[in-house]
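Structural overview for review
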Amino acid sequence: DPQQIELTTVSKRKLRRFIVIDEVVDKLYGSKVREYFEENNVQHKILALPTTEETKSMDLVLNILHEVQNFSLDRRTEPIIAIGGGVCLDIVGLAASLYRRRTPYIRVPTTLLSYVDASVGAKTGVNFLQCKNKLGGYTPPVASFLDRSFIQSIPRRHISNGLGEILKMALMKHKGLFDLLKNHGKYLLDTKFQSCNGFADHGDAALQTTRIAIETMLEELAPNLWEDDLDRLVDFGHLISPELEMRVLPSLMHGEAVNVDMAFMTYVAHARGLLDAEEKEQILQCMRGLELPVWHSGCSWALIQRALRERLKHSGGQPRMPLPTGLGVAEIFNDTSEETLERAYELWVRD
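Predicted model only: the values in this text are computed from it and were never measured.

The rules behind these values
- Residues numbered from 1 in each chain as written.
- Predicted model: local features only at pLDDT ≥ 70, side-chain atom pairs only at ≥ 80, totals over all residues.
- Heavy atoms only, no water.
- UniProt positions renumbered as here; feature names shortened; annotations may be inferred.
- Helix = DSSP H or I, 4+ residues; strand = E, 2+ residues; numbered from the N terminus.
- Pairing = 2+ DSSP bridges.
- Contact = heavy atoms within 4.5 Å.
- Axes fitted to C-alpha atoms, helices over the stretch in contact; angles between N-to-C directions.
- Patch = residues over 30% accessible without salt bridge, like charges linked within 9 Å, V, L, I, M, F, W, Y side chains within 5 Å.
- Areas by Shrake-Rupley, 256 points an atom, 1.4 Å probe, with all protein chains shown as cover.
- Salt bridge = Lys/Arg side-chain N within 4 Å of Asp/Glu carboxyl O.
- Lys, Arg positive; Asp, Glu negative; His and termini not counted.
- Charge placed at Lys NZ, Arg CZ, Asp CG, Glu CD.
- Expected span 1.5 Å × (residues − 1).
- 1 Å grid on protein atoms, 1.4 Å probe; cavity = no way out; pocket = protein on both sides within 12 Å on 5 of 7 lines; lining within 4 Å.
- Points joined across faces, edges and corners; volume = space filled by probe spheres on them.
- Nonpolar A, V, L, I, M, F, W, Y, C, P; charged D, E, K, R; others polar.
- Domains from an automatic or database assignment.
- Buried area = accessible area lost by both parts, 1.4 Å probe.
- Buried < 20%, exposed > 50% of the residue type's maximum accessible area, 1.4 Å probe, protein only.
- Right-handed = clockwise from strand over helix to strand, strands pointing away.

Here's the deal with the UniProt feature "domain: 3-dehydroquinate synthase N-terminal" (unreviewed entry) in the protein chain
Mapped onto this structure's residue numbering, the UniProt feature "domain: 3-dehydroquinate synthase N-terminal" (unreviewed entry) falls at residues 48–160. The span residues 48–160 shows a helical share of 35% and a strand share of 25%, and its end C-alpha atoms are spaced 26 Å apart.

As for the sheet that holds strand 7 (residues 143–144)
Spatially, the five strands line up as an open sheet ordered 2-1-3-4-7, and their pairing is parallel. One side of each edge strand has no neighbouring strand; the edge strands of this open sheet are strand 2 (42–49) and strand 7. Relative to strand 2, strand 1 (residues 15–22) runs parallel, the two sharing eight bridges. Bridging from a neighbouring strand, Asp22 pairs with Leu49 of strand 2. This element, helix 3 (residues 58–71), spans strand 1, strand 2 and strand 3 (80–84) of the sheet and lies at about 160° to strand 2.

Some thoughts on a negative patch on the surface
Taken together, the side chains of Glu338, Glu339, Glu342 and Glu346 define an acidic patch exposed on the protein surface. Here Glu346 shows up in helix 13 (residues 338–350).

Examining helix 13
With 13 residues, helix 13 should cover 18 Å at 1.5 Å per step; its first-to-last C-alpha distance of 18 Å lies within 8% of that length. Lining the buried residues of helix 13 we find helix 10 (254–271), helix 12 (301–314) and strand 8 (321–324).

Looking at the layout of surface pockets
Where empty space is left can be seen by rolling a probe of water-molecule size over the atoms. Roughly 720 Å³ of volume is contained in the second largest pocket. Looking at the second largest pocket, it is lined by 21 residues, and the ones nearest its centre are Tyr36, Phe37, Ile81, Val108 and Phe145. Those elements giving two or more residues to the lining of the second largest pocket turn out to be helix 1 (2–11), strand 1, helix 2 (23–39), strand 3 and strand 4 (105–109). Among the elements that take part in the lining of the second largest pocket, helix 2 stands out by supplying five residues, more than any other. The residue makeup of the lining of the second largest pocket, split by class, is 14 nonpolar, three polar and four charged.

Examining the domain arrangement of the protein chain
Domain boundaries assigned for the protein chain yield domain 1 (13–152) and domain 2 (155–225 + 232–350). Once you take the C-alpha centre of each, domain 1 and domain 2 turn out to be 27 Å apart. Of the residues lining the interface, 23 residues belong to domain 1; the matching set on domain 2 comes to 29 residues. Interface of domain 1 and domain 2: buried area, both sides summed, is about 2,100 Å²; carbon and sulfur atoms make up 68% of it. If you sort the residues of domain 1 by the area they bury against domain 2, Leu112, Leu113 and Arg148 come out on top, with a joint share of 30%. Put simply, domain 1 and domain 2 have one salt bridge between them. Between Glu245 and Lys132 there is a salt bridge; the shortest N-O distance is 3.3 Å.

Thoughts on the pairing of strand 3
For strand 3, the buried fraction is high: five of the five residues fall into the buried class. Both faces of strand 3 are covered, namely the face carrying Ile80, Ala82 and Gly84 and the face carrying Ile81 and Ile83. Here strand 1 pairs with strand 3 via four bridges, running parallel. The residue bridging Val20 from the neighbouring strand is Ala82, located in strand 3. As a crossover connection, the stretch from strand 3 through helix 4 (residues 86–98) into strand 4 is right-handed.

Next comes the structure, spelled out in structure tokens:
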């Protein structure tokens, strides 16, 4: 910001930044981050923390806030910077929202999942009483900085994990995105979403896929940032997965749990006559091609019933169940019978 640079030149006061970075990311990129702030003459404090679903708690938020207080941060001109995956961005966002009622913060996602999902919305939160994101709020960042080069250092399974959330948007809203994933999924996994020259058959599949995923996510979130309208297509894959993910930690990652949920809901859509057998099989084949699980033994009928009861509590007494009605199109349903759900579950188990 030229005004900030001018202000610091006149006042001779150094720019100051407080950065929270995931400890794994710190090992890979910490020296570059420090070098960046030193070269730009920015006084900085870098706090490296273990940010996982197991550590995603108010204790970690309070730990961050103690360090923020010691740094004597000016909430008007010194945004907190979060560098890491979705868990890191969620935790830091909540800490920023609490410090002096609201301190600006910047998201720098380093995983594919956070790049296309956490970077876009306003949600912040932590787990509480073994419930996913039970405590939190809606505090959008002042900016998200998106750099796909971070993704090249994450394991293949993490790429696949992020593809689960991209597939969600494809199935709900964009047949073209579904086709990209179906045709280029293995290539995207192999190249870790880096733009590679010399692969004419694939074009720039990485750029196209991430751009469309983010644009479709923004289309859904922007008019309803604070979730006043509970009918949300982006909830596809998120009816059963929160219960499943917390129940089987750490065996399923977030995008994997979401995909197990989406696979079951694909069977529900088929059982309702919304998808024909060929469309159902295309979706499942695409999931397998993205190396995503289409089943998990922890996803019992009892867990599904419990998860859907929880859903009713938090969605105004209606299930508000997003289901695909074709490839790239969807609607929200409130009238799926228990009998249909059980029939879909039996078919899913059988297959």
